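One letter stands for each residue in the lines below.
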Amino acid sequence: MHKHYIIHKPYGYLSQFRSGERLAHKKKYLGDLYDVPEGTMAIGRLDEPSEGLLLLTTNGLVSEQIRSNKVEKEYHVQVDGRITQKAIDELKTGVTISVNKQDYKTKIAHVEGIKTPHVLPYRSKRIRDDRHGPTSWVAITIKEGKFRQVRKMCAAVGFPVLRLIRVRVGVMSLSQIGREGILEVENLFS
C-alpha cells in the first residue's frame with residue numbers, strides 16, 4: 001500500500017531525505033524533520049531558500065501525474081520593490097527565462113498582486129526591513145515547473161524574489177497542515 005503526505009518544507013532545507021555526499025552534514029534534509037517510510041520521494045522539489053507545501057509519496061506514478069502540466073502550483077512571492085501592473089501583465093502572458101542554457105518562454109500564468117499574507121510560515125532567517133526599500137507580494141499560479149522558474153520569471157520582469165512560498169499544488173493546500181508540519185493523506189488528488 002502506497003503512502004502520501006503533505007508537508008511544510010521550511011526555509012533552508014533540501015527537498016530530499018539524505019545525501020551520500022561526504023559534506024552532507026553541512027546541509028539540512030527533510031529526514032531531519034519528518035519520519036516517513038523508506039522509499040518516500042518528494043514531488044516537485046523546492047530549492048533550499050524556498051519554503052511551503054511539498055508533496056511526498058511512495059508511488060512514482062503519482063509523482064509523474066502531479067509534475068505534469070495539468071496540475072496547478074500556486075506560490076506567494078515577496079519581491080524586491082513595488083511590483084507594477086506592467087510586470088504582472090508580462091508574467092501573465094509569459095516571459096523568456098533560461099532553461100538548460102537555452103531561452104524558454106513560460107506558459108500563460110495566473111498572476112495578481114496581493115497584500116502581505118496574514119499567516120506566514122515561521123522563517124529562521126529574516127528577509128530584511130523597510131530601510132532597504134519597499135517590497136510587495138504577488139500570487140503566481142503555473143502548471144509547469146521548470147528549475148527555479150518562479151524566481152527566474154520575477155527576475156525577468158525586474159523584481160527579484162526575496163521570499164517564495166508554495167501554498168497549493170492541485171487541491172492540496174499548505175493551510176491543511178497542522179503544527180506538526182506533516183499530514184498523511186489518502187489521495188493527493190482529492
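Residues numbered from 1 in each chain as written. Predicted model: local features only at pLDDT ≥ 70, side-chain atom pairs only at ≥ 80, totals over all residues. Heavy atoms only, no water.

Time to look at the nonpolar core. Ranked by size, the top nonpolar core spans 24 residues in total, and within it Val77, Ile83, Ile140, Val150 and Met153 carry the most contacts. Excluding its chain neighbours within four sequence positions, the residues that come into contact with valine 150 are Tyr75, Val77, Ile140, Ile142, Val161 and Leu164. By size, the runner-up hydrophobic cluster in this structure holds 16 residues, among which are Leu53, Ile165, Val169 and Met172. (Core = buried A, V, L, I, M, F, W, Y, C linked by side-chain atoms within 4.5 Å. Buried < 20%, exposed > 50% of the residue type's maximum accessible area, 1.4 Å probe, protein only. Contact = heavy atoms within 4.5 Å.)

Another point: the packing of aromatic side chains. For any pair of aromatic rings, geometry is given as the distance between the ring centres together with the angle between the planes. Per the stated rule, a full pass over the model turns up zero aromatic pairs. One residue, lysine 146, lies across the ring of tyrosine 104, its end atom 5.0 Å from the ring centre. (Phe/Tyr/Trp six-rings, centres within 6.5 Å; stacked < 30°, edge-to-face > 60°. Lys NZ or Arg CZ within 6 Å of the ring centre and 35° of its normal.)

Take the pattern of salt bridges next. Evaluation of the coordinates by the stated rule reveals eight salt bridges. In this structure, lysine 3 engages glutamate 184 in a salt bridge whose closest nitrogen and oxygen atoms are separated by 3.3 Å. On the criterion of sequence distance, the pair formed by lysine 3 in the segment before β1 (4-9) and glutamate 184 in strand β13 (residues 182-185) is long-range, its members being 181 residues apart. (Salt bridge = Lys/Arg side-chain N within 4 Å of Asp/Glu carboxyl O. Helix = DSSP H or I, 4+ residues; strand = E, 2+ residues; numbered from the N terminus.)

Attention shifts here to the layout of surface pockets. Considered as a void within the structure, the largest pocket measures approximately 610 Å³ in volume. Forming the boundary of the largest pocket are 27 residues, of which Gly44, Arg45, Leu46, Gly145 and Lys146 lie nearest the centre. At the level of secondary structure, the elements contributing two or more residues to the lining of the largest pocket comprise α1 (60-67), β6 (73-80), α3 (149-156) and β11 (161-169). Among the residues making up the lining of the largest pocket, the classes are represented as eleven nonpolar, six polar and ten charged. (1 Å grid on protein atoms, 1.4 Å probe; cavity = no way out; pocket = protein on both sides within 12 Å on 5 of 7 lines; lining within 4 Å. Points joined across faces, edges and corners; volume = space filled by probe spheres on them. Nonpolar A, V, L, I, M, F, W, Y, C, P; charged D, E, K, R; others polar.)

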